[in-house]
Amino acid sequence: MQLSQTLILNGITANLILLAHLSQIKTHFHNSNPLKIAIISFGNFSQFLARAFVRQGHTVLAHSRSDYSLVAQTLGVAYFSDPHDLCEQHPEVVLLCTSILSFEKVIQSIPFQSSKFSWVGLPFVYDKVGISNNGFIINRCEQFLNIFAREGCRMVEMSCAVHDRHAAGSQFVAHTMGRLLERFRLESSPINTKGYETLLNLVDNTAGDSFDLYYGLFMYNKNAMEQLEKLEMAFEALKKKLSGAFA
């Protein structure tokens, strides 16, 4: 099996593995063939993805530590409680929809060898890594990416290093400010301004995510510490400016 690509889906890391069983590839396969897509960890975001995959005619398989068999059944997804049984189905694409912190543990547990919201207009950031020159593999990769293009995503090809730099200056900063304001215990009032409503929404959007997600953004992005230091310097500069105004 061949690790070939890592994708960042609207701020949530989903590690994509294209599985090329080259000995089983038939020359009569065409791009119109539906993909067989496996999803590991079948929470809300995974279910959101599954709906799009099924709607476009692809075969979807799922596995998770919790029992989502009934949910999968309503979505038209084949659910497997044992990851070995899922792998016996020989999926061509595997999505690991786990948090950054649990990624290593989850991938080690899988027998591999080496919607509520609309996503129209949202950036779909991807990096093609290790894609061979095999025409079949290239076509299958493009077919998978086309799923998100057809859903209205804005497709952005970007290296992991460049993505991490942008993510630290946007996603990490947004989560940091949201969690900081959560500790500040902002409360709604009868005279909320639009700006204050924006802050309250930021707290709601970030505080609802697990701390593991936030910690993962810090732990595994070398640019995050630089952003924390810049925030600290900006806050100190602002305090000095306020103090100086009355000196």
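One numbering rule holds for all chains: residues counted from 1, following each sequence as written. Given that this is a predicted model, residues contribute local features only at a pLDDT of at least 70 and side-chain atom pairs are listed and counted only at 80 or more, while totals for whole chains, interfaces and linings are drawn from all residues. Values shown for side chains rest on all heavy atoms present in the structure; no hydrogens or waters enter the calculation.

1. What to know about the pairing of strand S6 (residues 93–96)
Quick reminder of the rule: Burial status follows relative accessibility: with a 1.4 Å probe on protein chains alone, a residue under 20% of its type maximum counts as buried, one over 50% as exposed, and anything between as partly exposed. Runs of E in the DSSP output that reach at least two residues are strands. Runs of H or I that reach at least four are helices, and both are numbered from the N terminus. Here, any two strands with at least 2 DSSP bridges between them count as paired.
Where burial is concerned, the two faces of S6 agree: the one with Val93 and Leu95 and the one with Val94 and Leu96 are both buried. Strand direction decides the pairing type here: strand S3 (residues 36–40) and S6, joined by four bridges, are parallel. By the bridge assignment, Ala38 is partnered in S6 with Val94.

2. Quick word on helix H6 (residues 160–183)
As a reminder, the rule being used: Two axes enter the bend calculation: one fitted to the seven residues ending at the residue in question, the other to the seven starting there, and the bend is the angle between them.
Approximately 45° is the largest bend angle found in H6, and it occurs at Ala167. One or two positions beyond H6, positive phi appears at Arg185, with a value near 60°.

3. Examining the confidence of the model for the protein
Cut-off, in case you're wondering: As a per-residue quantity, pLDDT reports the predictor's confidence and falls between 0 and 100. Two residues form a contact once any of their heavy atoms are found within 4.5 Å.
Residue-level pLDDT values for the protein average 82, and 83% of them are 70 or greater. Looking over the protein, one finds the lowest element-wise mean pLDDT in strand S1 (residues 5–9), namely 37, and the highest in helix H2 (residues 69–75), namely 95. Considering only residues more than four positions removed or in separate chains, one finds that residues 1–31, a stretch of pLDDT under 50, has 89 contacts.

4. Observations regarding the pattern of salt bridges
Note the following rule: Here, a salt bridge means any side-chain nitrogen of Lys or Arg that lies within 4 Å of a carboxyl oxygen of Asp or Glu.
As enumerated under the stated definition, the model contains four salt bridges in all. Put simply, Glu151 and Arg55 hold a salt bridge, and the shortest N to O gap is 2.8 Å. Measuring nitrogen to oxygen at the nearest pair gives 2.2 Å for the salt bridge that ties Lys128 to Glu142. Of this pair, Lys128 sits in strand S7 (residues 123–128) while Glu142 sits in helix H5 (residues 135–150), placing them 14 residues apart in sequence.

5. A word on the side chain of Ser46
This is how it is decided: Polar contact is the term for a pair of N or O atoms within 3.5 Å; when the atoms are in protein, one must be able to donate a hydrogen and the other to accept it, and sequence-neighboring residues count only if both atoms are side-chain atoms.
Checked against the element boundaries, Ser46 lands in helix H1 (residues 44–55). Classification of Ser46 as buried rests on a relative accessible area of 2%. Among the polar contacts listed, one links the side chain of Ser46 to the backbone oxygen of Ser41, at a separation of 2.5 Å.

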